[in-house]
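What follows is the residue order along each chain.
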Amino acid sequence: MVWDVIVVGAGPAGLMAAIGAAQEGAHTLLLERHAEPGGKLPWAGAGRCNLSHAGEIRELLPHYHGGERPGEAARFLRPALRFFSNRALASFFAQRGLPLRRDASGRLFPKTQRGVDVVAVLLSELHQLGVAVRVETWVRAIRPQKDRFAVRDRGGRSWWGRTVVLAPGGRARNTLADGYELAAALGHPIAPLRPALAPVHVIPDAFAPFVACAGISLGETRVWLVRQGRRRAEKRGAVLFTHRGLSGPAILDLSREVAPGDVVRVALAPGLERAEAEGRLIRAAASRGSSGLVTILHELGLPRRLGRALLGALNISCGLRVGELRREARNALVESLVEGHPFPVAAVGGWEEAMVTRGGVRLEDVDPHTLESRIVPGLFFAGEILDYDGESGGYNLQAAFSTGFLAGTCAARARRP
């Protein structure tokens, strides 16, 4: 038997690729190495499953990175995001009884805020379309023949397909790199892989005063990457203190650029400007000189635990009254509050902590309008295996769904009789 389309991988990209192919009338087989389909969907967004982000496509594109040239990932993804947009994704789920809801920041979640419900809708659609799903099927080789592909698993079973969509996901929270090995064996160069959307671990001695702040989250604030004394990148968003360092959307988005030896600076008083912070400290010293400095910092927006930690890091006594604060110490406080407190980087979280993969199949070797390989005709790619990565906020799942649907549709249309 020869299948029209064989999809390898049943994560978000693979599931949508199989749906796209089957909607075109293609006889479709979906192979998944794990016992359950769905990939990251059940735990994405802490289980709430942040599927996408609201806005026009042109507004989404700057949130993607990757490729060898600036802006290459955005240019590559534009056709897929237009082919199956965030609006199309919302309509897809709404029509199947799972409407999406937008939060204040523009993120889109299923109404139930349960990733398992997203998977259930996708599997139901596959069933209705007649897609054959084989789980616990670990593909170890894909061999192009004259007019078809031979796909073989580790148990020695083989399937034949006229086209193949390779959508096995990345390495994030998945220490296996077999998808990249399959692509490389087919002649595709792989851009170097590294974790992205990962927490940042801070050098222990520098972070010691802040260990007690684990669980504290700062609202919309600014963070900077500093390398060799120069600011290299800036992000805005929430920051979460952990037992080992920093996390939260702003840190996760910055992490793709961070390396050991860098310094991450975090503005600890979100929304304050330097003149305002300095003025409020001076006025407090003049009118309320006997007030504790921790109390004044709390009024500036710092949780008390964070205020005490900051004073400890700056070698300022936690019992100091604001009227006793010297100019040098005040300047250091203002710098940490507004210009960013420095956190020297020990490491970026590894694959077990990362949410996505940076690197993968080179974009220049894939046609962005069809996602067909420029090296192996009839081979298509979708999802995280490609050399792009999005920022936090639903961008990665949207790209997975979009590239999956485009790849599956085009694979079905390209099948050879």
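Structure shown above.
Residues numbered from 1 in each chain as written. Predicted model: local features only at pLDDT ≥ 70, side-chain atom pairs only at ≥ 80, totals over all residues. Heavy atoms only, no water.

Caption draft 1: Structural context of the overall build of the protein chain. Looking only at helices and strands, the protein chain has 13 helices and 20 strands in total. In terms of its C-alpha atoms, the protein chain occupies a principal-axis envelope of roughly 85 × 40 × 35 Å. Split into buried and exposed, the 417 residues of the protein chain put 54% on the buried side. When contacts within the protein chain are restricted to residue pairs at least 6 apart in sequence, those whose partners lie at least 24 apart make up 73%. For the protein chain, the computed accessible surface area is about 17500 Å², with 49% contributed by carbon and sulfur atoms. Here the protein chain holds 54 positive side-chain charges and 40 negative ones, and the gap between their average locations is 1 Å. (Helix = DSSP H or I, 4+ residues; strand = E, 2+ residues; numbered from the N terminus. Buried < 20%, exposed > 50% of the residue type's maximum accessible area, 1.4 Å probe, protein only. Contact = heavy atoms within 4.5 Å. Areas by Shrake-Rupley, 256 points an atom, 1.4 Å probe, with all protein chains shown as cover. Lys, Arg positive; Asp, Glu negative; His and termini not counted. Charge placed at Lys NZ, Arg CZ, Asp CG, Glu CD.)

Caption draft 2: How the structure looks around the side chain of His53. Topologically, His53 is positioned in strand 3 (residues 52–53). Of note is the side chain of His53, whose polar atom sits 3.1 Å from the backbone oxygen of Ser105. What His53 contacts, discounting residues up to four positions off in sequence, is Leu60, Asn86, Ser105, Gly106, Arg107, Leu108, Gly393, Gly394 and Tyr395. (Polar contact = N/O pair within 3.5 Å; in protein donor to acceptor, adjacent residues only side chain to side chain.)

Caption draft 3: Summary view of the environment of Leu325. As for its position among the elements, Leu325 is in the loop between helix 11 (304–313) and helix 12 (327–340). Between the C-alpha atom of Leu325 and that of Pro144, which follows or precedes it by 181 residues, the distance is 73 Å.

Caption draft 4: Representation of the environment of Val151. Position of Val151 relative to the elements: it lies in strand 9 (residues 149–153). As a C-alpha pair, Val151 and Ala26 span 125 residues in sequence and 17 Å in three-dimensional space.

Caption draft 5: Quick peek at the packing of helix 3 (residues 72–83) against helix 13 (residues 395–414). Here helix 3 crosses helix 13 at 80 degrees, and the two axes come no closer than 8 Å. Comparing the axis directions of helix 3 and helix 13 gives the class roughly perpendicular. For the pair helix 3 and helix 13, contact is made by Leu77, Pro79, Ala80, Leu81 and Phe83 and by Gln398, Ala399, Ser402, Thr403, Phe405, Leu406 and Thr409, respectively. (Axes fitted to C-alpha atoms, helices over the stretch in contact; angles between N-to-C directions. Parallel < 35°, antiparallel > 145°, perpendicular 65-115°, else oblique.)

Caption draft 6: How the structure looks around the nonpolar core. Within the largest apolar cluster, 83 residues are counted, with the highest numbers of intra-cluster contacts made by Leu41, Leu51, Phe93, Leu122, Ile142 and Val165. For this core, the element with the most residues is helix 13, which contributes 11 residues. Among residues more than four places away in sequence, those in contact with Leu51 are Leu41, Leu89, Phe93, Leu100, Leu108, Pro110, Val118, Gly394, Leu397, Gln398 and Phe401. Judged by nonpolar contacts, the second largest core, of 49 residues, contains Val223, Ile251, Val264 and Ala277. (Core = buried A, V, L, I, M, F, W, Y, C linked by side-chain atoms within 4.5 Å.)

Caption draft 7: Seen up close, the sheet that holds strand 15 (residues 245–247). A barrel is described by the order of its strands in space; here six strands give the closed sequence 12-15-14-13-16-17, paired in antiparallel fashion. Along the sheet, successive strands turn relative to each other by an average axial angle of 45 degrees, direction set aside. In this sheet, strand 16 (residues 263–266) lies alongside strand 13 (residues 217–227) in antiparallel orientation, the contact comprising four bridges. Along strand 16, the bridge assignment pairs Trp224 with Arg265. Each of strand 13, strand 14 (230–241), strand 16 and strand 17 (341–348) is contacted by helix 12, which is oriented at about 95 degrees to strand 16, the strand it contacts most. (Pairing = 2+ DSSP bridges.)

Caption draft 8: Seen up close, the packing of aromatic side chains. Tallied over the full model, the rule gives 11 aromatic pairs. Ring geometry for Phe210 against Phe343: centres 5.0 Å apart, planes inclined by 65 degrees, an arrangement best described as edge-to-face. With Phe210 in the loop between helix 7 (204–207) and strand 13 and Phe343 in strand 17, this residue pair connects regions lying 133 residues apart in the sequence. By the burial criterion, Phe210 is buried, and Phe343 matches it. An aromatic cluster of three or more residues is present, and its members are Phe207, Phe210, Phe241 and Phe343. (Phe/Tyr/Trp six-rings, centres within 6.5 Å; stacked < 30°, edge-to-face > 60°.)

Caption draft 9: Examining a positive patch on the surface more closely. Together, Arg140, Arg143, Arg152 and Arg154 make up a region of like positive charge exposed at the surface. Considering the arrangement of structural elements, one finds Arg143 in strand 8 (residues 139–144). (Patch = residues over 30% accessible without salt bridge, like charges linked within 9 Å, V, L, I, M, F, W, Y side chains within 5 Å. Salt bridge = Lys/Arg side-chain N within 4 Å of Asp/Glu carboxyl O.)

Caption draft 10: Local environment of helix 9 (residues 274–287). Here helix 9 spans 20 Å end to end across 14 residues, near enough to the 20 Å set by a 1.5 Å rise per residue. Among all positions in helix 9, only Ala277, Gly279, Leu281 and Ala284 are buried. Structurally, helix 9 contributes buried residues whose contacts are with helix 10 (293–299) and helix 12. (Expected span 1.5 Å × (residues − 1).)

Caption draft 11: Looking closely at the sheet that holds strand 5 (residues 100–102). Across the sheet, three strands lie side by side as 3-6-5; this open sheet has antiparallel pairing. The open sheet terminates on both sides in strands that have one partner only, identified here as strand 3 and strand 5. Bridge count between strand 3 and strand 6 (residues 107–110): two bridges; the pairing is antiparallel. Of the residues in strand 6, the one forming a bridge with His53 is Arg107.

Caption draft 12: The arrangement of the side chain of Thr221 in detail. Locating Thr221 in the fold gives a position in strand 13. When its relative accessible area of 3% is taken as the criterion, Thr221 is described as buried. Polar contacts involving the side chain of Thr221 include one to the main-chain carbonyl oxygen of Ala267, which spans 2.6 Å. Apart from the residues within four sequence positions on either side, Thr221 is in contact with Lys235, Arg236, Gly237, Val239, Ala267 and Pro270.

Caption draft 13: Local environment of the pattern of salt bridges. Using the criterion set out here, one finds 23 salt bridges in the structure. With a closest N to O distance of 3.3 Å, Arg69 and Glu72 form a salt bridge. Judged by relative accessible area, Arg69 falls into the partly exposed class, the value being 41%. Given a relative accessible area of 8%, Glu72 falls into the buried group. Of the charged contacts in the structure, one is a salt bridge between Arg157 and Asp153, with a shortest N-O distance of 2.8 Å. Residue classification places Arg157 among the partly exposed residues on the basis of a relative accessible area of 43%. Here the salt bridges do not stand alone but share partners, grouping Glu68, Arg69, Glu72, Arg362, Glu364 and Asp365 into one network.

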